[in-house]
Amino acid sequence: MTLLDFARGPAMQIAIIIFVLGIFWRLVGVWALRQKKDLSEPRQKGAWIGGIKGLFVHAWPYKPFVPKVGTQYIVGYIIHLGLFIVLIFGTPHMLFFADIVGFTWWTLPGGVITAVSVITLVALFVALAKRLVNPVQRLISNFDDYAAWFLTTAPFVTGLMTKMNLWPHYETGLAIHILSVWLLLIYFPFGKLMHSFWFVVSRYTTGSRFARRGGMS
Amino acid sequence: MSNKTVTEIELDLESKRLSVRKPEERFDVQGEMSDDERIEKAMLNFAKDFGRVSATYMESCIHCGACAHACPFYEASGDPRHTPIWKIEPFKQAYKREAGPLAFVYKTLNLKPKVTVDELKNWQELLYDTCTMCGRCTLICPMSIDIATLVGMARHAMFHAGLVPHELYTVTEKAFKEGSPLGATPQVFEDRIEWMGDEHEVEMHVDEDQADVLVLMSSIEIQKYPESMAATAKILNHMGKSWTFRTDGYEATNFGMLSGNTAWQKDMSMKIINAAEKIGAKLVILPECGHAYQALRWQGANMYGKPLPFQVQHISEFLADAIDAGAIKLKTLNKSVAFHDPCQVSRRGGATPAPRKVLEALGVEQRETESGGNMNLCCGGGGGVITIHRADTLRYKIMGNKFRQLDATGAEMMVTSCSNCRQNFDDSGEKLNWGKEMNSLLELVADNLVEEAK
């Protein structure tokens, strides 16, 4: 079995199992906790509407905060969108998924994907630089923040190297790229990458709690 | 007047800010306990109210640090330790190690070290001196984490571990023993009601057996702004309401909640609830006090264990409803006004539109601050912070930012509906030579009541 066979075979299976079970464990571990009912008389009904609203209003900072954190949000969006575009609309990625799901879809030209990858990579390094330089972020950061950064960045670096044929041995390089993605999936449930799920739960929770009361959303 | 009231704890009732006298020697650690005991009690009491909501918040932080930029304390100090989410770091650590879904991983591999007493002692300043639980950080948080609630839970832990700042512990103990944190014992309360009744020639109702409305007061009002009592009485009498003050349930402040003692919080709330039930009150009116609104309106039923058998309103809500119903009419004030929202009433309480409705009825030109309403910048005195002397310097700095915002509106008059904010404005205003006065919305209404109309 070559490294590429391993990457495409057992490594993938192990990674996906840990990814799925880990996410399930972490979500259920929190949702299974008891929650005392709030007995205060709500100001208004339809707290769930506030919950849904909460999902959207926190997608961009309120006006007074834009000068302070607007750039940080933009960098965040570049990273998230970049990840999404490259993952879904890169032709080799689509073909990889097509093998599993059984259908194909429209993709972006390789040059565009490369450009998006480079932009995302730049944004990732900007985010890292800020984390290292900004006194607030430096203080509150822990191992997870740097591990998550490294594991998110690695597939972009290895992917670009594969695309640009920079590996001494193409197949091994491709295997390393694929394995870097599996590493990301394996780590995903154990750290902050879980915010892909928590952001919905947390925003909805605050949105609905305060919709009962009025006030902030 | 003796400052000792019934216990030996001396108050400073002469200064602009009411608290205990500045301690010559601080005692920021209470009780005789071993370090292990303190940690055990801290963790037990932190976990007590832990549920799905708090766990979700603990899991969701991405360490982006945005919350720092919404925090009045960080904005004033620039100290990264004042980043809101950092204020609960030991508890976040404990949650991950002891309670989260991955606790076994963290514990087995010792990825999150056990929290120590020294750590908690270092965090006392962050949890009490530099957080008013104003909740502004939630607004900026991309995950919408309610850090203020988590700070409240962390305070439960700190109280039971005997790690409350000297002054806050002292006033809380005084509140528990005497029924008031600032010496407004039932006797003092009664005397001052009588005094205000005579002074303003307004009929006072005290200890009525039956009444539709129970009116509460905060110690700050009783001791520092007693006109609030006369103003409330004047309006209620004008409306022909059946109302009363009760000497067995009058204190609206809840230092049990602020310091982190849930049992005392319940005890303080129950006095009010029992008094209201006894007289068959349909409505309890809370005075101009921010955290009192939080304690009774939003946490009262949860302390009681069932829905409250009466309605709870902040005085600004009551006034807004009375205006809407045409029960009171007000003279027009030809002035421009900037309103300072008390965080616990507006942002975290939801009564933001009420004072604006009242000001509209007064015919004033309302001028919003740059970050007003639910986005309001906290005055820095809530959550018990104003009682703590070592927190003064930063509190004044925060108020400097607040003054700049208010002054920028160019309004002729400043108004608020929280007596704790108001005493902070008085105290800081003197310190920083503000040259302006923070007025009470309630007193403004009482002073401009059209008496002949009904």
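It should be emphasised that the depicted structure is a prediction, and the values quoted were computed from it without experimental measurement.

Student: Is there a simple way to explain helix α2 (residues 10-31) of chain A in this structure?
Tutor: Side chains of residues three or four places apart in an α-helix project in the same direction, reflecting 3.6 residues per turn. Look at α2(A): 31 Å from first C-alpha to last across 22 residues, which is about the 32 Å you get at 1.5 Å a residue. Every buried residue belonging to α2(A) is among A11(A), M12(A), A15(A), G22(A), I23(A), R26(A), L27(A) and V30(A), and all of these are buried. Burial along α2(A) is one-sided: seen end-on, the buried residues are contained in an arc of 115°. Turned more than 90 degrees from where α2(A) packs its buried face, Q13(A), I17(A), L21(A) and F24(A) sit exposed. In this structure, the buried residues of α2(A) make contact with α1 (3-8), α5 (91-101), α9 (170-187) and α10 (195-213) of chain A together with α2 (52-60) and α4 (89-99) of chain B.

Student: Quick question: what am I supposed to make of the side chain of N420(B) here?
Tutor: By the element assignment, N420(B) lies in helix α20 (residues 419-431). Filtering out sequence-adjacent residues up to four positions away, N420(B) remains in contact with I220(B), G381(B), G382(B) and I386(B).

Student: What is the right way to look at the packing of helix α17 (residues 315-324) of chain B against helix α18 (residues 353-361) of chain B in this model?
Tutor: Axis angle and axis distance: for two packed helices, these are the angle between their axes and the distance between the axes, and together they describe the pair. Residue and element names in this part refer to chain B. Closest axis-to-axis distance for the α17/α18 pair is 8 Å, and the angle between their directions is 45°. Between α17 and α18, the angle is such that the two are oblique. Here α17 and α18 pass one another in a crossing that is left-handed. Along its contact with α17, which presents S316, E317, L319, A320, I323 and D324, the element α18 presents A354, P355, K357, V358 and A361. Along the lines of polarity and charge, the residues of the contact of α17 with α18 split into 7 nonpolar, 1 polar and 3 charged.

Student: Got a minute to help me understand the sheet that holds strand β3 (residues 213-215) of chain B in this structure?
Tutor: Within a sheet, neighbouring strands are paired by backbone hydrogen bonds and run either parallel or antiparallel to one another. Residue and element names in this part refer to chain B. If you walk across this open sheet you meet the 4 strands as β4-β3-β5-β6, and the pairing is parallel. At either end of the open sheet lies a strand with only one pairing partner, and these are β4 (243-244) and β6 (311-314). Across 4 bridges, strand β5 (residues 283-286) lies against β6 in parallel orientation. The partner of I285 across the bridge, within β6, is Q313. Along the sheet, α17 makes contact with β5 and β6, crossing β6 at roughly 95°.

The rules behind each value
Residues numbered from 1 in each chain as written. Chains lettered and ligands numbered in written order. Predicted model: local features only at pLDDT ≥ 70, side-chain atom pairs only at ≥ 80, totals over all residues. Heavy atoms only, no water. Helix = DSSP H or I, 4+ residues; strand = E, 2+ residues; numbered from the N terminus. Expected span 1.5 Å × (residues − 1). Buried < 20%, exposed > 50% of the residue type's maximum accessible area, 1.4 Å probe, protein only. Arc of directions from axis to C-beta. Contact = heavy atoms within 4.5 Å. Axes fitted to C-alpha atoms, helices over the stretch in contact; angles between N-to-C directions. Parallel < 35°, antiparallel > 145°, perpendicular 65-115°, else oblique. Left-handed = near helix turned anticlockwise from the far one by under 90°. Nonpolar A, V, L, I, M, F, W, Y, C, P; charged D, E, K, R; others polar. Pairing = 2+ DSSP bridges.

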